[in-house]
Amino acid sequence: MAKGDRGARLRDRRTAGPPPAEPGAPLGDDLVQLLTPEGERIDRVTGPDGVEYSVDFSDSEYRGLYRDLVVVRRLDAESTALQRQGELGIWASLLGQEAAQVGSGRALRPQDMAFPTYREHGVLYCRGIDPIMPLGLFRGVDQGAWDPVEHKFNMYTIVIGAQTLHATGYAMGIAMDGKVGNSDDPADGEAVIAYFGDGATSQGDVNEAFIWSSVYHAPIVFFCQNNQYAISEPIERQTRIPLYRRAAGFGFPGVRVDGNDVLATYAVTRHALDNARHGQGPTMIEAHTYRMGAHTTTDDPTRYRGISEVEAWQAKDPIARVRAFLAKQQIADAGFFTEVDEQATAEAMSLRERVLAMPDPEPVTLFDHVFVDETPQIRQQRARFVEYQASFEGSGH
Amino acid sequence: MAKGDRGARLRDRRTAGPPPAEPGAPLGDDLVQLLTPEGERIDRVTGPDGVEYSVDFSDSEYRGLYRDLVVVRRLDAESTALQRQGELGIWASLLGQEAAQVGSGRALRPQDMAFPTYREHGVLYCRGIDPIMPLGLFRGVDQGAWDPVEHKFNMYTIVIGAQTLHATGYAMGIAMDGKVGNSDDPADGEAVIAYFGDGATSQGDVNEAFIWSSVYHAPIVFFCQNNQYAISEPIERQTRIPLYRRAAGFGFPGVRVDGNDVLATYAVTRHALDNARHGQGPTMIEAHTYRMGAHTTTDDPTRYRGISEVEAWQAKDPIARVRAFLAKQQIADAGFFTEVDEQATAEAMSLRERVLAMPDPEPVTLFDHVFVDETPQIRQQRARFVEYQASFEGSGH
Amino acid sequence: MAAKTMTMVKALNAGLRRALEADAKVVIMGEDVGKLGGVFRVTDGLQKDFGENRVLDTPLAESGIVGTAIGLAIRGYRPVCEIQFDGFVYPAYDQIVSQVAKMHYRSQGKLRLPIVIRIPFGGGIGAVEHHSESPEAYFAHTAGLKVVACADPAEAYVMVQQAIACDDPVIFFEPKRRYQEKGEVDLDASLDGARPLFASRVLRQGTDATVLAYGPMVRTALEAAAAAAEDGRSLEIIDLRTLSPLDLGPAYESVKRTGRCVVVHEAPGTIGLGAELAARITEECFYSLEAPVLRVTGYDTPYPTARVEEEFLPDLDRVLDGVDRTFGW
Amino acid sequence: MAAKTMTMVKALNAGLRRALEADAKVVIMGEDVGKLGGVFRVTDGLQKDFGENRVLDTPLAESGIVGTAIGLAIRGYRPVCEIQFDGFVYPAYDQIVSQVAKMHYRSQGKLRLPIVIRIPFGGGIGAVEHHSESPEAYFAHTAGLKVVACADPAEAYVMVQQAIACDDPVIFFEPKRRYQEKGEVDLDASLDGARPLFASRVLRQGTDATVLAYGPMVRTALEAAAAAAEDGRSLEIIDLRTLSPLDLGPAYESVKRTGRCVVVHEAPGTIGLGAELAARITEECFYSLEAPVLRVTGYDTPYPTARVEEEFLPDLDRVLDGVDRTFGW
Ligand SMILES: Cc1ncc(C[n+]2csc(CCOP(=O)(O)OP(=O)(O)O)c2C)c(N)n1
Ligand SMILES: Cc1ncc(C[n+]2csc(CCOP(=O)(O)OP(=O)(O)O)c2C)c(N)n1
Ligand SMILES: [Mg+2]
Ligand SMILES: [Mg+2]
C-alpha cells in the first residue's frame, strides 16, 4: 500500500460517499466516432475492442439516414404534443437519442429480432413498422397488442430489464434452430438486439442476461442507450466506471460508441450483429447519448439537472451534425432539407389524425385474451359484467 | 473481420453450444500462490491486481493455521458421520475448502462482520465461535437461532446469493457510521466479508451487490469459493471466463487466489479487508478450490464427475501442503502433529456428544418469534394449538 | 394545535420528516427519492434537509433496495424503502418473503428487522401497465410480515410514523389515486394517543349492512354509504387499516348486528383479501348472516388498459349492487 | 396396456419423456436437470437421450430460467422449467407475475407462452428452511396463470403431459413428500381420453361431510376418510387438481348434499386457497351449510424447523378434528 499522499487520502476516505467517479466522462479515447458534432467525417477508427470501424454509404443512403432522423424526431414531437393535449396518457420521448436508435435500427437485417424498452420509437420506425403501433399503449387503449414475431419487434417492456432475458432466450432459440454460424453470408443467420437504459444495467435480470448469453454463446447484441439518466438519477448512481466495460467481466466484448453519431452507431451495431449471427457470441454496445427532454411527460427535469448541462449536449445534436455533413459535402441541398421537413410534417399529421381517431376499447374486451383457452371463471365474470352493464341501460346512468 | 481460418471457424460455429471455455483453468499466471502443493514456500508474488502479496508469520502462527485446518476438517467429518447416523438431517461438507475458509477467516479482524452461505463452518470456527452453533439448523431443531451481531457472523443463508446484498447493506452502514477510512490503523475501521459460491455468481442479487458496493464505495470483500461445482453443474455452466475478472467490469479489483493455499488466501483476504476498512472500497476474491465431497449428504457426485478429476485435486490438498512445509522447515515435529490430531478428535467427540444431547424443540415454540410484537392472531393460534394438543392427553395418542 | 389541510402526499412527507427527526437511525432509500423527491414527491425536500446519508438515491434495482435495507437493519438502522410503483415490487419479492419476513423467526428473536417498505398501490390514475396493481394479498398471505394501508391524509401522517417505529417489518400501502386528495392533518398529534397501527376503525355507523374496505376503496365505500342513505339504507363502513394481522373485532360486532356484509377491494377477487374476510366473518357470524358475505373486487384478469380501468375497478354503483345482492339473497 | 407400479418421480419422468418425444419444441431447463437428472431425479436420463439442446442445465438463477424460457416461447419453443424447490421460485416471481402471466393479454392474444413451471412443493420431508414451502396461493391469485397440483403417480404422468400440451402458462405443483410413493400408471394412456387438466375429481364418495384437498393433502384426506368410516362417519373426498381456475362444480354438488365442508392445505391459512374455497362454497351453498366451511391448514408462521414440522402440517387427526368441529357447530 502506497504511503505517499496520506493526508489527502485520509480526507477522501472520511466521506462515506464515493469519491469522484468517471462513468459519465463524455469523450474519451474509448468512444467510437465517425462523424464529429461539427459534421466532420472520420474515415475509420479503431474501437477499444481493437476492431476497425467505418461505413461505406452511398449519397442516397446518407440522405436516407438524415431523413430517418428528422422524421423520428418530428413524430416524437407530435406525440409529446398529443400528450399535452390530453390525447395520450403519457409519452416517453426519444429526443436526443435519434442517432442511437436510427443507427442501430438501420443496422438490423430483416431477419433480426429486436426487444425494445418503452422508448425505442425510432428503432420501430426503422424496422418499417407504422409509428402508430405503440401509441395505443401510451393512449391507454391497449397494452401493446401487436404480434412481436410478425414484426420482429417485441412489445414494449416497462419492467426495467426484464426484456433482456427474453431477448437472450430468443437468441438461444436461434442457436437451437441452427440459425447461427452457418456461413459468412449476412443474409444467413439471425441475431437479436436487446435495448435497455443505463439505469437498467443495475437490475439483476440484465446481469443474468449477460451470463446466460455468454454461457450459451447466444447471438445477441446488448444495446445500452446511456442517456445519462434514470429518471432523475445520474449515471453515477448506477456505476463507477463506463458501462461498456461491464461486458468484459462476463466474457464478451463491450464497445462504447458516440450514440449521437448515427454513422458510428450503425457501424458498431452492424458489426456486432453480424458477429453474433456468424457465431461469435454476444457484444455489449454502450451508446453514449443524452435524454434531451423529460424522462416522460410526467417528469420535471429542472428539479435535478441544470440548463448548462443540457446546452452542452445541445451542441452535440445528432441531427445537426448530419445536416452539416450533407451540406458541406454537397450530398444534399436546401430543396432536399425542405422536402424532408415536409415529409416529416406529413407523417406527423397523419399520425395525429389517426391517434385522434383511435377508438376506446369496448369495456367488455377487458375479459378477452386472459388465456388462449378461456376459463369458465372468466366466461362467467364476463357474462355477469354484461348483465350488470345492461342493468343501467335506459336508466340514464 | 478476419477471413483467415474460415473453415475451422465455421465448424465451430455450427454447434449451438458454446465453444471451449476456460473458466476452470487451474493454475495460470493470474493465480496468487504462496505455498505450492508440494509445500514449497513462495516468498512473495505479484497478483493480477498488481499488488505484491506475502505473509510474515511466526512459527507458532504457522502451526496455528495447521491446527485450524485439521480441526475444521475433523469437525466436518464428524458432522458427515452424524448425518449418516441420522443425527443430522443433512450436512454441507467443506471438505477440500479448509484453506479457503481458514485463510480468509483468520484474516478477519475482530471488528469485521462475516456473511456466510451454508458451508462456512471453517470461517465460523476461526471466528472463535463454538462449532455446535450451526448444527441446530442441520439437525432440524432450529433455523439458525444465533445473534448475528453478537457473533459478527450472520446466520447461514440458504437462498443462493441473498446474503451478498445483506452484507453490502451492512457495509454501507459502516460507512454511514463513519467507521471507515479514518486512519491506517488496522484496529480502526470495520469491514465486511461476504461468502458465496461459484454458482451464486449467476444470481441477479450477487451482481446487484457488486453494483451497490461499487456505487457506495462500501467496505466489503466478496469472497467467492469457486469449488468448481454448483451441485452437479461445473463452472462452465456459470461463466465463460475466470470469475475474478467479473469484478473489473463493476469498477473494483478482482483477484484469484489458490484457495487450497491457506497462506495466499490469508494474505489476499487481509489485504482486501484492510483496503476496505481504509476506504478503498470493495474487492472480489475468487478462491480457486475444489469440493472434494458431495454437495451435501443427499448428493451423489459419481453421477456427474469422474474419479480422476477428484484425484487430481487430491494432490493439491490444502492440509498436506502445510504439513509438508512445517515438517520440511522443522517448524513442527511428529509430536505436534499427533497432538493436533488428538485435539481435533477431542473437539469432534465433544461436538458429537453435544449434538446427541440437543433436545428437540417443544412443538409449541413454532409459534414463537414470528414477530417482535406478537399479533393476536398468532396468540390465538397458539392457544388453540395448546388446547388441541391437550385433547389427546391421556388418550395414548 | 397545528391542524392543516393538506394532501396525502404532503401528509406522508410530513410524517417521514418527523420520523427522520425523531430517530437518527431512520434512513429513506429508493429510486429517485433524493433530489427529485420521489416520482410522487412524497420525499420532497428530505434529502436536502437530512443529507445523502439519510435519504439515498439508490441504483435501479428493487432486490438491491430491500436486500441492502436488510443489511442496514442488521447494522442497527431503520430503513424506509420506497418502491416506485406497485408493479415494481416483484423483483424484490424473494428478499421480502424469504428474508425480511423470516429472519426474526429464524434467529429466534435475536435479530430485528424494523424495515418499512412503502408501496403506492392501486389504479384509477390512467397509467400504463404495471402502474396500477394491488399486490397486497401476496404480502398479507406471507407469515412474518405486517401489512397496512392508509386511506386519508391524517391517517397517512400518523400511520407512516407508527410503521417506522414498529420493530417488525411493515409493508405500507399508499392509495396513489388518493395522493392528491386533501384532508385535515394535526401535525402535532402525538403517536402515544393515536389509534394503534394494527387496528381497524368504524368510519360510519349503520344498521342494514356492513361494508369493509381499505386504502383507495374507503372513500368509495363512504360515497356508497351516502348514496345508500338517500335511498333509506344504512351502511356501516369499516376501514380495515391493517391487512395483516387482521383486526376484525369491529367487523364481527357489526355483522352480527347487520346480518349482511360486503367486502370491497381493487385486487382480483380470487384469493384476495376479500376471500379471507368472507371466510372469517362467516365462521364468526355464521348464525347472524342473512346472506353470504359478498365480494366487490377487481376481476380475475390482468389489470386492463387505462381507458377501461374504471370498469374494472369497484365504484359506488358496484358497491351498492353488492349490497343489493345481499338483500336479494 | 402397460400399467406399471411406479413412484411419482418415475411417472413424472415418463410423462416428460413422452412430451419430449411428442413435440420437438419441448425443452426442459433448470438447475441440475441434465447430467444429474434433477435433485429428485425427475429428469433422470432425459439429457442423455434427448441431448443438451432439449434438456438444459442452466446457470444458477431462477429469474434467468423463467426469463429465457419466455424468449424461447416467443421463438416457438415449449419450455418446461424446473424450480429446484418451492422456496427458490421467488427470484423468478417478477418474470412470472409481470411477464409470463400477462404477455398473452397484453398482446391481445397474438403471443402465446406455453410455458410449464414445475415446482416440487410442500413439507414433511425433514428438510431445512426454504425447502418445504407451499406458495400456491401466490400464483393462484395471479390472473393469467393456470395452476395445478398432482396427487399420485397416475395423475402426475398424465397431468404433466397435459400441462405441456396446454397453450397457456401452467404452474405445476408436485407434492414432494409423495414423490416416492407408488401407484399404478398406465403408460399407454392416451391424453385424449383422459380427465381434462382443469377439472377436480371426487375420489371417495360420502354423505356426512365434504373434504377438499390437493397435492400432498389428498392422501391425508383419504386416510382421514378411512378412519372416519371406522367411526361410522362418511366423508366425501374431492381432489381439486386445478387450483386456478377452480373447478368447484363437484364440490358444490357435494356440499349441498352433506351440508358440511372442510378444506385442507399445508400453506398458512390466511388468504390461502382455503379462504377462496370457503368464500365460494358459502356463496353457492349458503342455505345448505349446517356449519361454516372450516379450514385445516398450516399456521400463520414461517415454515418451522424440521423437528416440529409434523405439528405444523395438517394430518389425519387434524382433518378429523376439523370435521368434528363442523358437527359441533
Ligand atoms: C423494475 C422497475 N422499477 C422501476 C421502474 C420505474 N422506472 C421507469 S423508467 C425508470 C428509469 C429507467 O432508466 P434507464 O434504464 O436509464 O432508461 P431511460 O428511461 O433513461 O431510457 C424507472 C426507475 C420500472 N419501470 N421498472
Ligand atoms: C435461489 C436458490 N436456488 C436454488 C437453490 C438450491 N441450491 C442449493 S446449493 C446450490 C448450488 C450452489 O452452488 P455454489 O454457489 O457454487 O455453492 P456451493 O454449494 O458449491 O458451495 C443450489 C442450486 C438455492 N439454495 N437457492
Ligand atoms: Mg437512462
Ligand atoms: Mg460451488
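Everything quoted here is computed from the prediction, not taken from an experiment.

The rules behind these values
- Residues numbered from 1 in each chain as written.
- Chains lettered and ligands numbered in written order.
- Predicted model: local features only at pLDDT ≥ 70, side-chain atom pairs only at ≥ 80, totals over all residues.
- Heavy atoms only, no water.
- Core = buried A, V, L, I, M, F, W, Y, C linked by side-chain atoms within 4.5 Å.
- Buried < 20%, exposed > 50% of the residue type's maximum accessible area, 1.4 Å probe, protein only.
- Contact = heavy atoms within 4.5 Å.
- Phe/Tyr/Trp six-rings, centres within 6.5 Å; stacked < 30°, edge-to-face > 60°.
- Helix = DSSP H or I, 4+ residues; strand = E, 2+ residues; numbered from the N terminus.
- Lys NZ or Arg CZ within 6 Å of the ring centre and 35° of its normal.
- Near = heavy atom within 4 Å.
- Polar contact = N/O pair within 3.5 Å; in protein donor to acceptor, adjacent residues only side chain to side chain.
- Areas by Shrake-Rupley, 256 points an atom, 1.4 Å probe, with all protein chains shown as cover.
- Nonpolar A, V, L, I, M, F, W, Y, C, P; charged D, E, K, R; others polar.
- Donors = N, O, S within 2.8 Å, 3.2 Å for Na, K, Ca; no water.
- Buried area = accessible area lost by both parts, 1.4 Å probe.
- Salt bridge = Lys/Arg side-chain N within 4 Å of Asp/Glu carboxyl O.
- Least-squares fit on C-alpha atoms with pLDDT ≥ 70 in both.
- pLDDT = per-residue confidence, 0-100.
- Pairing = 2+ DSSP bridges.
- Right-handed = clockwise from strand over helix to strand, strands pointing away.

1. Some thoughts on the nonpolar core
Consideration 1: Leu326 of chain A, Leu326 of chain B, Phe139 of chain C together with Phe139 of chain D are the most contacted members of the largest nonpolar core, which has 401 residues in total.
Consideration 2: Those residues in contact with leucine 326 of chain B that lie beyond four places of it in its chain are Tyr62, Arg63, Tyr66, Ile331, Ala332, Phe336 and Phe337 of chain B.
Consideration 3: Of all hydrophobic cores here, the second largest spans 19 residues; its members include Ala227, Leu235, Val262 and Val323 of chain C.

2. A word on the packing of aromatic side chains
Consideration 1: Overall, the coordinates contain 80 aromatic pairs over all chains when judged by the stated rule.
Consideration 2: Relative to phenylalanine 138 of chain A, the ring of tryptophan 91 of chain A has its centre 4.7 Å away and its plane inclined at 65°; by these criteria the two rings are edge-to-face. Placement of the pair is tryptophan 91 of chain A in the loop between helix H2 (59-84) and helix H3 (98-107) and phenylalanine 138 of chain A in helix H5 (residues 135-139), with a sequence separation of 47 residues.
Consideration 3: Classification of tryptophan 91 of chain A by relative accessible area gives buried; the value is 3%.
Consideration 4: Judged by its relative accessible area of 5%, phenylalanine 138 of chain A is buried.
Consideration 5: On the basis of an interplanar angle of 75° and a centroid distance of 6.2 Å, the ring pair of tyrosine 93 of chain C and tyrosine 138 of chain C is categorised as edge-to-face. On the criterion of sequence distance, the pair formed by tyrosine 93 of chain C in helix H4 (residues 93-100) and tyrosine 138 of chain C in helix H6 (residues 136-140) is long-range, its members being 45 residues apart. Each member of the pair, tyrosine 93 of chain C as well as tyrosine 138 of chain C, is classed as buried.
Consideration 6: Between lysine 316 of chain A and the ring centre of tryptophan 313 of chain A, over which it is positioned, the NZ or CZ distance is 3.9 Å.

3. Focus on the site of ligand 2
Consideration 1: Near ligand 2 you find 20 residues, and of these Tyr118, Arg119, Ile158 and Gly199 of chain B together with Glu62 of chain D are the closest.
Consideration 2: More than one chain reaches ligand 2: the nearby residues come from chains B and D.
Consideration 3: Within the backbone of isoleucine 160 of chain B, a nitrogen or oxygen atom sits 3.1 Å from a nitrogen atom of ligand 2.
Consideration 4: Within the contact set of ligand 2, an oxygen atom lies 2.9 Å away from a backbone nitrogen or oxygen of alanine 200 of chain B.
Consideration 5: Coverage of ligand 2 by the protein amounts to 96% of the 580 Å² it exposes when considered alone.
Consideration 6: Split by residue class, the shell around ligand 2 holds 10 nonpolar, 6 polar and 4 charged.

4. Quick notes on the coordination of the magnesium ion (ligand 4)
All names here are of chain B.
Consideration 1: The protein atoms that coordinate the magnesium ion (ligand 4) are Asp198 (OD), Asn227 (OD1) and Tyr229 (O), at distances spanning 2.1 Å.
Consideration 2: The sequence pattern formed by the donor residues of the magnesium ion (ligand 4) is D-x28-N-x1-Y. Of the two residues, aspartate 198 is situated in the loop between strand S5 (192-197) and helix H8 (204-216) and tyrosine 229 in strand S7 (residues 229-230); the sequence distance between them amounts to 31 residues.
Consideration 3: The exposure class of tyrosine 229 is buried, given its relative accessible area of 7%.

5. Quick look at the interface of chain D and chain C
Consideration 1: Tallying the contact residues gives 49 residues for chain D and 49 residues for chain C.
Consideration 2: In this assembly, chain D packs against chain C so that about 4500 Å² is buried in total across both faces, 61% of it on carbon and sulfur atoms.
Consideration 3: Counting across the interface, chain D meets chain C through 6 salt bridges.
Consideration 4: Between lysine 102 of chain C and glutamate 133 of chain D there is a salt bridge; the shortest N-O distance is 2.6 Å.
Consideration 5: On the surface where chain D and chain C come into contact, there are 16 residue pairs in polar contact (both at pLDDT 80 or more).
Consideration 6: Listing elements by their share of the side of chain D that touches chain C, those giving two or more residues are helix H4 (93-100), helix H5 (103-106), helix H6 (136-140), strand S13 (261-268), helix H10 (273-284) and strand S14 (294-298) of chain D.

6. With respect to the relation of the copies chain D and chain C
Consideration 1: Rotating chain D by 180° about the axis while translating it 0.0 Å along that axis superimposes it on chain C, leaving an RMSD of 0.0 Å. What the superposition gives is, in effect, a two-fold axis relating one chain to the other.
Consideration 2: Interface overlap between copies is the fraction of interface residues in one copy that are interface residues in the other; for chain D against chain C it reaches 100%, indicating a shared surface.

7. Description of unusual backbone geometry
Consideration 1: The residue after serine 244 of chain C, namely proline 245 of chain C, is reached through a cis peptide bond having omega 0°.
Consideration 2: Along the polypeptide, proline 245 of chain C turns up in the loop between strand S12 (242-244) and helix H9 (249-258).
Consideration 3: Phi is positive for alanine 145 of chain B, close to 65°, though the residue is something other than glycine.
Consideration 4: You can call alanine 145 of chain B buried: its relative accessible area is 12%.
Consideration 5: In this model, lysine 152 of chain B sits at a positive phi of 50°, which is unusual for a non-glycine residue.
Consideration 6: Relative to the helices and strands, lysine 152 of chain B is located in the loop between helix H6 (148-151) and helix H7 (162-176).

8. A look at the confidence of the model for chain A
Consideration 1: With 92% of its residues at a pLDDT of 70 or more, chain A shows a mean pLDDT of 93.
Consideration 2: For the stretch residues 1-21 of chain A, pLDDT sits under 50, and the model shows 32 contacts to residues farther than four places along the chain or on other chains.

9. Notes on the pairing of strand S9 (residues 254-258) of chain A
Residues and elements named next belong to chain A.
Consideration 1: Judged by how many residues are buried, S9 sits mostly within the fold: 5 of 5 residues are covered.
Consideration 2: Of the two faces of S9, both are covered, the one formed by Gly254, Arg256 and Asp258 as well as the one formed by Val255 and Val257.
Consideration 3: Here 5 bridges tie S9 to strand S10 (residues 283-288), and the two strands are oriented parallel to one another. Bridging across to S10, arginine 256 finds its partner in glutamate 286.
Consideration 4: For the handedness criterion, the β-α-β arrangement of S9, helix H9 (residues 262-277) and S10 is classed as right-handed.

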